[in-house]
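Geometric and topological summary
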Amino acid sequence: MLRMALHRPPQSDSIVVLAAEDNLVKGASGQAIQCMNLMFGLDETAGLGAIAVLP
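Described below are features of the structure shown in this document. Note that this is a predicted model, so its numbers are computed, not measured.

1. A look at a nonpolar patch on the surface
On the surface, a cluster of nonpolar side chains totalling about 570 Å² of accessible area is made up of L2, M4, L6, I15 and V17. Here the element with the most residues in the nonpolar patch is strand β1 (residues 2–7); it accounts for three residues. Residue placement: L6 occurs in strand β1.

Written out as structure tokens, the structure reads:
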């Protein structure tokens, strides 16, 4: 998921672009959640199948 925001500072010709990417189920962050679930006796995939509300 990707969220983007545009901001134009007052009295400026510049535009600031902000981007936030959520890749919770890919890579090390998803693996960390999987390991935490195992440590606490939860289902290994708990919390990984839901769609994130905000990154």
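2. Topic: the pairing of β1
Counted residue by residue, β1 has zero buried out of six residues, so it is predominantly exposed. As judged from the six bridges shared by β1 and strand β2 (residues 16–21), these two strands associate in the antiparallel manner. Counted as the bridge partner of M4 is A19 from β2.

3. Here we look at unusual backbone geometry
Of note in this structure, Q11 is not a glycine but carries a positive phi near 55°. If you trace the backbone, Q11 turns up in the loop between β1 and β2. You can call Q11 exposed: its relative accessible area is 85%.

How each quantity is defined
- Residues numbered from 1 in each chain as written.
- Predicted model: local features only at pLDDT ≥ 70, side-chain atom pairs only at ≥ 80, totals over all residues.
- Heavy atoms only, no water.
- Patch = residues over 30% accessible without salt bridge, like charges linked within 9 Å, V, L, I, M, F, W, Y side chains within 5 Å.
- Areas by Shrake-Rupley, 256 points an atom, 1.4 Å probe, with all protein chains shown as cover.
- Salt bridge = Lys/Arg side-chain N within 4 Å of Asp/Glu carboxyl O.
- Helix = DSSP H or I, 4+ residues; strand = E, 2+ residues; numbered from the N terminus.
- Buried < 20%, exposed > 50% of the residue type's maximum accessible area, 1.4 Å probe, protein only.
- Pairing = 2+ DSSP bridges.

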